[in-house]
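The chain contents come next:
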Amino acid sequence: MFERQKATLKMKEIDANELISGVINTFALKVERYNGKITSNLEAADPVIFADEMHLTNVIFNLMDNAVKYKKAEEDLELKVKTWNESGKLMISIQDNGIGIKKENLKKIFEKFYRVHTGNLHDVKGFGLGLAYVRKIILDHKGTIRAESDLNVGTKFIIALPLLKNN
């Protein structure tokens, strides 16, 4: 099912700032439960992309959900979400102050079923498909995704998607 999914994208014109805003509003309650906070800077002057609304919503939700899952026990979660334009693209970044990822694990996190060993964090459930799905959807949208991370400092995901007018 995972492999065959490309054909099911329902592409349409979408304002990414609005879509992300909606996800942030939905997610705010979950973050507040952990005494966390989300700040957003949706500053892309041209936020219009050609995308599948449901799958892109899932991607943003998934990345925010990981930030909650991998937060530091002793620190309140801080989630920063940004959009901006860069050379004909819409850029999205989702940054947290969580446990971070070791450099040697960073390049593997988008692989199917790969899960970083987080020591004694047995409360984090999942199949290790989250980031593989995220990457697949972004690639199906002709975009790119990368992660920057420092252990014990946090992780930042950066997505680039083609703008509608450049499609």
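Just so it is clear, the model here is predicted, and its values are computed rather than measured. (Residues numbered from 1 in each chain as written. Predicted model: local features only at pLDDT ≥ 70, side-chain atom pairs only at ≥ 80, totals over all residues. Heavy atoms only, no water.)

Side note on the environment of Ser 40
Relative to the helices and strands, Ser 40 resides in strand 2 (residues 37–42). You can call Ser 40 partly exposed: its relative accessible area is 39%. Between the alpha carbons of Ser 40 and Ile 24 there is a distance of 8.3 Å; along the sequence they are 16 residues apart. When neighbours within four sequence positions are excluded, Ser 40 is seen to be in contact with Ile 24 and Val 81. (Helix = DSSP H or I, 4+ residues; strand = E, 2+ residues; numbered from the N terminus. Buried < 20%, exposed > 50% of the residue type's maximum accessible area, 1.4 Å probe, protein only. Contact = heavy atoms within 4.5 Å.)

Focus: the nonpolar core
Ranked by size, the top nonpolar core spans 40 residues in total, and within it Ile 49, Leu 63 and Met 64 carry the most contacts. When contributions to this core are tallied by element, the ones reaching two or more residues are helix 1 (16–33), strand 3 (48–52), helix 2 (53–69), strand 4 (78–86), strand 5 (89–96), helix 4 (130–140), strand 6 (144–150) and strand 7 (154–162). Discounting residues that sit within four places of it in the chain, Ile 49 has contacts with Lys 12, Glu 13, Ile 14, Ala 16, Leu 56, Leu 90, Leu 161, Pro 162, Leu 163 and Leu 164. (Core = buried A, V, L, I, M, F, W, Y, C linked by side-chain atoms within 4.5 Å.)

Observations regarding helix 1
When the terminal C-alpha atoms of helix 1 are compared, their 26 Å separation across 18 residues agrees well with the 26 Å that a helix rising 1.5 Å per residue should span. Of all bends in helix 1, the biggest is about 40°, found at Phe 27. On the buried face of helix 1, the contacting elements are strand 1 (11–15), strand 2, strand 3, helix 2, strand 4 and strand 5. The opening residue of helix 1, the one whose side-chain oxygen lies 2.9 Å from the backbone nitrogen of Asn 17, is Asp 15. After helix 1 finishes, the residue Asn 35 shows a positive phi value of roughly 55°. (Expected span 1.5 Å × (residues − 1). Bend = angle between axes of the 7 residues up to and from the residue. Polar contact = N/O pair within 3.5 Å; in protein donor to acceptor, adjacent residues only side chain to side chain.)

Considerations on the side chain of Asp 46
Along the chain, Asp 46 turns up in the loop between strand 2 and strand 3. Of note is the side chain of Asp 46, whose polar atom sits 3.2 Å from the backbone nitrogen of Val 48. With sequence-adjacent residues up to four places away left out, Asp 46 is seen in contact with Asn 85, Leu 90, Leu 163 and Lys 165.

Looking at the sheet that holds strand 7
Strand order in the open sheet made by the five strands is 2-4-5-7-6, with mixed pairing throughout. Of all the strands in the sheet, just strand 2 and strand 6 have a single pairing partner and so form its edges. Adjacent strand axes in the sheet meet at a mean angle of 15°, parallel and antiparallel pairs treated alike. Here strand 5 runs beside strand 7; their pairing, made up of seven bridges, is antiparallel. Paired with Ile 94 across the two strands is Phe 157, which belongs to strand 7. (Pairing = 2+ DSSP bridges. Axes fitted to C-alpha atoms, helices over the stretch in contact; angles between N-to-C directions.)

Concerning the packing of aromatic side chains
Using the criterion set out here, one finds two aromatic pairs in the structure. Between Phe 27 and Phe 61 the ring centres are 4.9 Å apart and the planes differ by 85°, which places this aromatic pair in the edge-to-face class. A residue pair is termed long-range when its members are at least 10 positions apart, and Phe 27 in helix 1 and Phe 61 in helix 2 qualify at 34 residues. Ring centres 6.1 Å apart and planes at 80° place the aromatic pair Phe 110 and Phe 157 in the edge-to-face group. (Phe/Tyr/Trp six-rings, centres within 6.5 Å; stacked < 30°, edge-to-face > 60°.)

Quick look at the packing of helix 2 against helix 4
Following both chains from N to C, one finds helix 2 and helix 4 inclined at 145°, their axes separated by 10 Å at the closest point. Helix 2 and helix 4 meet at a crossing whose hand is left-handed. For the pair formed by helix 2 and helix 4, the contact residues are His 55, Leu 56, Asn 58, Val 59, Asn 62, Leu 63 and Asn 66 on the first element and Gly 130, Leu 131, Tyr 133, Val 134, Ile 137 and Ile 138 on the second. Looking at the contact of helix 2 with helix 4 residue by residue, the class counts come to eight nonpolar, five polar and no charged. (Left-handed = near helix turned anticlockwise from the far one by under 90°. Nonpolar A, V, L, I, M, F, W, Y, C, P; charged D, E, K, R; others polar.)

Quick look at the side chain of Asp 96
In this fold, Asp 96 is placed in strand 5. Here the side chain of Asp 96 touches Gly 98 through a polar contact of 2.8 Å, landing on its backbone nitrogen. Excluding anything up to four places from it in sequence, Asp 96 contacts Ala 67, Leu 77, Glu 78, Leu 79, Val 153, Gly 154 and Thr 155.

In short, the description is geometric, and any link to function would need to be established separately.
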